[in-house]
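So you can see what is in the structure, the chains are spelled out below.
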Amino acid sequence: MPTLIIDDREITVKPGTTIMEAARSLGIEIPHFCYHPSLSIAGNCRMCMVEVEKMPKPVISCAMPVNDGMVVRTNSEMVVKARRGVMEFLLINHPLDCPVCDQGGECKLQDYAVKYGPDRSRFQDKKRTVPNYDLGPVIETEMNRCIHCTRCIRFSTEVAGVEEMGAIFRGDHMKVGPCPGHGPLTSVLAGNLAELCPVGALNLKPFHFQARGWELSKTEGICEHCAVGCHIRVDSMENRIYRIMSRQCSSINLDWLCDKGRFAFEGMTEGRLQVPMMVPESGGPQVEVTWNQALDRVAALIQGVAPEEVAGLAGSWGQGGEELYAFQDFLRHVVGTPHLDHRLLRKDFSPDSIPLLRADLMLNTPLQDMERADAVFLIGAGPRFEMPLLNLRLRKASLNGASVWSLGPRHLLSKLENLEEAIVLPGEEADFLRKVLNAMTTRRGPKAAVAWANALRKAQRPVFLLGRFAVNHPNAETLRRLVLAVLGKAEAVEPGWNGYNRMISGNGAGAHDLGVVPQRGPGYTKLGRRGMNAREIFEQSALGKIKVLFLMGLDMESDTVVEYLAAAAQAGTKIIFQGAFHSAAVDKVDVVLPGLVHGEKFSTLTNCEGRVQRSGRVVHGPIMAKEDWRILRALSQRFPQELPYDNLQELWEAMGREDRHYDPAVVDSGEIPKACDHGVGLTEGLECGAEVDAEENETDRLVLILEPSFYRDTPMSRRSSTMTKLDGVEVLRISGKEAKKHKIVAGDRVCIECNGHRVEVRTVVDERVKGGVLLGTREAMRELGGEKDGFLQVTLKVL
Amino acid sequence: MNQSAPVQIVFKNIHKSDSHTLPVYLEGGGYKTLAKVLALTPEAVIEEVKKSGIRGRGGAGFPTGIKWSFIPRNSPKPKYLVCNADEGEPGTCKDRDILRYDPHLLIEGMIISAFAVGSERGYIYIRGEFNLESRRVEQAIEEAYAKGYLGDNILGKGVRFDLAVHLGAGAYVCGEETALLESLEGKKGQPRVKPPFPANVGLWGGPTVINNVETLASIPGIMEAGGAWYAGLGVEKSSGTKIFSVSGHVNRPGNHEVEMGISLRALLEEYAGGVRGGWDNLKGVIPGGSSSPILTREACETVKMDYDSIARAGSMLGSGAVIVLDKSVCVVRALARISRFYRHESCGQCTPCREGTGWMAQIVTRIEAGGGRAGDIELLEELCGNISGKTICALGDAAAMPVAGAIRAFREEFVYHVEHGRCMVE
Ligand SMILES: Cc1cc2nc3c(=O)[nH]c(=O)nc-3n(C[C@H](O)[C@H](O)[C@H](O)COP(=O)(O)O)c2cc1C
Ligand code: SF4
Ligand code: SF4
Ligand code: FES
């Protein structure tokens, strides 16, 4: 271990450490532009020069590894002079337009110019001007300010995996911008460019000219848009959020944030429910009422039927642990019904009889360790869009040489290296996995299955990811068990390396932990009696057997939900909706209770690794809307048994008593909770594979697979103007073979029909789509109705 | 030194007709040294080259034997030998003659060098404009393969070496060895940050030796007659012969292979036909390519053409391109041209060079055009200081040195330009 002296202070560091890093651990900050801890070293800005004894020239500390006995000075005369020279050079061609630059006040160039630069410029010649580029809705450019540090280029190629940014020309004509042939950025991580850029060349377009950095209050928070749970900083002023920035967390999101996490918040003020509403006793459209009137009506509706005739459904996206816990507590103990669930899109509920435990439901390989995987197997998973920040870890693994294997109905757009895809018809996944399992012992079978088996046999640290498609698959449990069996055979469900991972959406992990399922109570406690699951609740409501349906935080624009609710209303079921956003379906319910969204309340979010994190309030919601758990608390006062918590602290303590992960002493300790600390092991000893009902392989079956649009899959993101701009044109992807059969040319408009509903879309011929499969986005195909009974079988007509 | 019989090591075949063809090369004893060398150990070859004292002819003058000994013997990655035939330094035109008139000498030199460092794969990175040269080299490579001098089993000795030509695309900076490697890898030609040095992490991450054409073409001669013999040529610390490309205001410009340590005056008068208008008409000499500081006539009187003497006179031997300027030349104007070249050729990667070369070129051009301001000259001197030694590669130094050198040697011309807004020469 080399020992060196930096500014008269001694330090011993690991071999290979750079001078910059060594200085950092001594608390000495060396000024730098191009160096970034999460990117490769470029060494081009020359700002970080230091003096090293016995070296004639200054050296760049960001690239120079330490040596034993080195004597470094970060502030000697040589260094001061060198830095001043660099600062002068950087400013000669800079427009010096700080007063109109968004970066002002949070600009490295500005700060260092003041601290290290000369007080005036000696440059009296012609300044360079460079054109700006249209990089899409996320990034605003002012390239005259660019200092050519190449951070944006390195980020795009190394981290995002899209070679979109580059530098053309040489010398002082060098221009940084989109690579020739590229325009608007396609990365889902584009916003990071603005954060990375040390100057005002790349800024956030939606934030352009909105506010000054120093005017904004900065609040630490957790992102609610997917189950990665990225650390964020929310910048606000006068009760309005202006922007969301990433907050460094090496074990979760590193230094990054995806564009949804950054901009979906724009939708939080659009189309909000402002006041309680209800349908008058006499019928007709909803009218505004007071909270007391609304809550009295809800209580009366519930008390008017038997407890067993009441059921509750909660959304998982955007719902904090507070309201989720209070929701199940209210239904189970105040109302007295066992019927509640949050798994609205689930099709296979068969494991509810086991039932699954925490380790079965979430990741078991911490995000950080995913980078170390040497083989990655994606089962119906599209990690780039399901969890962009998890995909980054997989990308790192693939760059380190891991092979990536994907099983699903479509090709991935995942920016992963070494990717092999097994595209199979929906319903044939289990069959494929069974062949893999078989090939692991016999080394025989179809080529693809043998390749998987070989890769598994070789892998020391395999990772399996069950994605959204697999989790909501009609054969979900079979797939899950097969994955377990395969991993078991590969000896990769061990304490040292557990490669079993199931992806989870929204705060689904919190909903499971806190018992918003019919088969388990909070903390996975056993229940005397299992209630109805989401599917049964929907069906029984449509039959009028469930007479009062209490909905909290559901996506009231989800095709599946809307369809079921219409049927329930038809059957006379009374529907209560507690939530934040207005929609056509909300207009049709009996009582509307306006709640708050993330950022307007305290919410406890559980990420895909089971880490419980708390996010605070930044702004106030609509004046009349209320914190969701308080609505339930107030409602419970109208029942004999009240919810036993009067304030957040008491609620948090109650949650902590049910599940140790939620103990406020742990959650609020300031430490980042442990990843994948699931305690109990995976469900073991399961026979698998017996009950697969593989779908018939009819010859001219066309299966439509609907994928949520990454940018618009939640009520809030759908209302965000930046997300709307980013959302691609709605298309239908079809294989060349299928296109030929139906005489479709790329770009043709076609009509898809299903169960009497029809939509028209434009087609794209995509050779990587399997014959027999059509790929569409949920947003465009809304009118076809939900996939409640499995995959949608459709017919296709050219217009 | 005797003009009638100068020792010719690199140019020994160059005057023969069809010297670029294999038969002519063989006739002159070609590939005999290779056969001799393959009987030695690689270590012995490196020892011999060390003994010769030969220093790199590409510009930096680093001792070649020592450079080779940095290559790790056991490397899990393949080792590469790369010949730098980018010859971009203005004034330099010696490598070109080797390439087009004696490609086999270079190839033989490369095979021997590759054997010494344990490389089985080599590249010749040829300047993009060298059309005839690259065709000749490729033809020679083909001939060498056909005769078994290249390939899997060289001369039946079980030694393997494959060689290929790669054409540059016209960037001067690609002559810088790490930019050259990037370009060879198919990337934008931008120098790499060092350390790591190419000897450890070079082409495709493997240990790599990069040598100039002339350096490699000297190797067969060294191995034929011995390192000690070579070391006996020239002077101490500058052994052997060197090709000087003499250009500018001389009566007979051209390439001349002479022993190191020859006086500049002898080189100009005995080989290059003398300065145009006589020695007294000499204004100054840029002795080692456009990046080397200009020498005044006084300095030219006595300076010897070896690394140390030129350095003592305040300049450098560089690539051996001797640019002669007579009294008709305006130094400011000459410098403006040179500065514009470096501005144009800076890769743009690092701050001092990207911004500094452009700034310097603008100031010098402005002074030359009569727009000089008080303080410009001092500013130029400071800018040189702010660039030199603070960049990723030596192009920054190459741009600063001629500016600092010209001001040092001919300050009064700059002052005149600034004060009078015109040139004192015309
Ligand atoms: C800007 C720049 C341009 C260079 N151009 C050349 C060149 O054209 N040819 C060359 O042989 N060396 C050139 N060099 C020197 C090489 O970097 C390197 O030192 C040389 O090829 C090593 O070979 P040698 O040791 O045989 O001289 C250049 C260096 C710099 C900094
Ligand atoms: S745009 Fe910003 S990040 Fe990109 S090279 Fe320029 S200064 Fe650096
Ligand atoms: S010194 Fe000039 S040529 Fe060399 S890396 Fe820096 S910018 Fe490029
Ligand atoms: S931070 Fe070291 S050179 Fe830019």
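About the criteria used
- Residues numbered from 1 in each chain as written.
- Chains lettered and ligands numbered in written order.
- Predicted model: local features only at pLDDT ≥ 70, side-chain atom pairs only at ≥ 80, totals over all residues.
- Heavy atoms only, no water.
- Helix = DSSP H or I, 4+ residues; strand = E, 2+ residues; numbered from the N terminus.
- Buried < 20%, exposed > 50% of the residue type's maximum accessible area, 1.4 Å probe, protein only.
- Areas by Shrake-Rupley, 256 points an atom, 1.4 Å probe, with all protein chains shown as cover.
- Rg over C-alpha atoms; globule rule 2.2 N^0.38 Å.
- Contact = heavy atoms within 4.5 Å.
- Phe/Tyr/Trp six-rings, centres within 6.5 Å; stacked < 30°, edge-to-face > 60°.
- Near = heavy atom within 4 Å.
- Polar contact = N/O pair within 3.5 Å; in protein donor to acceptor, adjacent residues only side chain to side chain.
- Nonpolar A, V, L, I, M, F, W, Y, C, P; charged D, E, K, R; others polar.
- Pairing = 2+ DSSP bridges.
- Salt bridge = Lys/Arg side-chain N within 4 Å of Asp/Glu carboxyl O.
- Axes fitted to C-alpha atoms, helices over the stretch in contact; angles between N-to-C directions.
- Parallel < 35°, antiparallel > 145°, perpendicular 65-115°, else oblique.
- Left-handed = near helix turned anticlockwise from the far one by under 90°.

Visitor: Teacher, can you tell me more about the overall build of chain A here?
Guide: Within chain A, the regular secondary structure consists of 26 helices and 33 strands. With the C-alpha coordinates of chain A rotated into their principal frame, the extents come out at 85 × 65 × 55 Å. Expressed as a percentage of the 799 residues in chain A, the buried residues total 63%. Just so you have it, chain A exposes about 30,700 Å², and 50% of that area is on carbon and sulfur atoms.

Visitor: Looking at this structure, I do not really get the overall build of chain B. What am I missing?
Guide: On a plain count of helices and strands, chain B comes out with 17 helices and 12 strands. Its C-alpha radius of gyration of 22 Å places chain B within 12% of the 22 Å reference for a compact globule of 426 residues. For chain B, the residues scored as buried account for 60% of the 426 residues in total. Contacts in chain B between residues far apart in sequence, at least 24 positions, make up 70% of those at least 6 positions apart.

Visitor: Would you mind going over the packing of aromatic side chains with me for this structure?
Guide: Where two aromatic rings form a pair, the distance of their centres and the angle of their planes describe that pair. In this structure the tally under the stated criterion is 27 aromatic pairs over all chains. Taking the centre distance of 5.0 Å and the plane angle of 85° together, the rings of B:Phe341 and B:Tyr342 count as edge-to-face. In terms of burial, B:Phe341 and B:Tyr342 fall into one category: buried. Among the aromatic residues, those joined into a ring-pair cluster are A:Phe377, A:Trp405, A:Phe432, A:Trp452 and A:Phe464.

Visitor: Even after reading the chapter, I still don't get the site of ligand 1, so can you show me in this structure?
Guide: All names here are of chain B. Taken together, 18 residues surround ligand 1, and among them Gly58, Lys67, Asn211, Asn212 and Thr215 come closest. At a separation of 2.7 Å, an oxygen atom of ligand 1 approaches a polar backbone atom of Gly58. Taking Glu177, its main chain carries an N or O atom lying 3.1 Å from an oxygen atom of ligand 1. When the free accessible area of ligand 1 is taken as 610 Å², the share hidden by the protein chains comes to 91%. The dominant element in the shell around ligand 1, judged by the number of residues it contributes, is strand 5 (residues 208-212), at 3 residues. Of the residues in the shell around ligand 1, the class split is 4 nonpolar, 8 polar and 6 charged.

Visitor: Just to check I follow, could you spell out the pairing of strand 3 (residues 49-52) of chain A for this structure?
Guide: Side chains on a regular strand alternate between the two faces of the sheet. Residues and elements named next belong to chain A. Two strands pair when backbone bridges link them, and strand 3 and strand 4 (residues 59-60) are joined in this way by 2 bridges, in the antiparallel orientation. The partner of Val50 across the bridge, within strand 4, is Val59. Where strand 3 folds back on strand 4, the antiparallel hairpin that results is connected by 6 residues, among which Lys54 adopts a positive phi of roughly 75°. Alignment of strand 3 against strand 5 (residues 71-73), held across 2 bridges, turns out to be antiparallel. What sits directly across from Val52, in strand 5, is Val72.

Visitor: Help me understand the pattern of salt bridges in this model?
Guide: Pairs can form between side chains of opposite charge once their charged atoms are near each other. Residue and element names in this part refer to chain B. Under the counting rule described, the total for this entry stands at 81 salt bridges over all chains. Between Glu176 and Lys194 there is a salt bridge; the shortest N-O distance is 2.6 Å. Of this pair, Glu176 sits in the loop between strand 4 (159-167) and helix 8 (177-184) while Lys194 sits in the loop between helix 8 and strand 5, and the two are 18 residues apart along the sequence. By relative accessible area, Glu176 is classed as buried at 17%.

Visitor: Looking at this structure, how should I read the packing of helix 14 (residues 331-345) of chain B against helix 17 (residues 395-420) of chain B?
Guide: Pairs of packed helices are described in terms of their axes, by the angle between the two and the distance that separates them. Residues and elements named next belong to chain B. Running from N to C, helix 14 and helix 17 cross one another at 160°; their axes reach a closest spacing of 9 Å. When the axis of helix 14 is compared with that of helix 17, the two are roughly antiparallel. Once helix 14 is placed against helix 17, the crossing between them reads as left-handed. Where helix 14 approaches helix 17, its residues Val331, Val332, Leu335, Ile338, Ser339, Tyr342 and Glu345 are matched on the opposing element by Leu395, Ala398, Ala399, Pro402, Val403, Ala406, Phe410, Glu413, Phe414 and His417.

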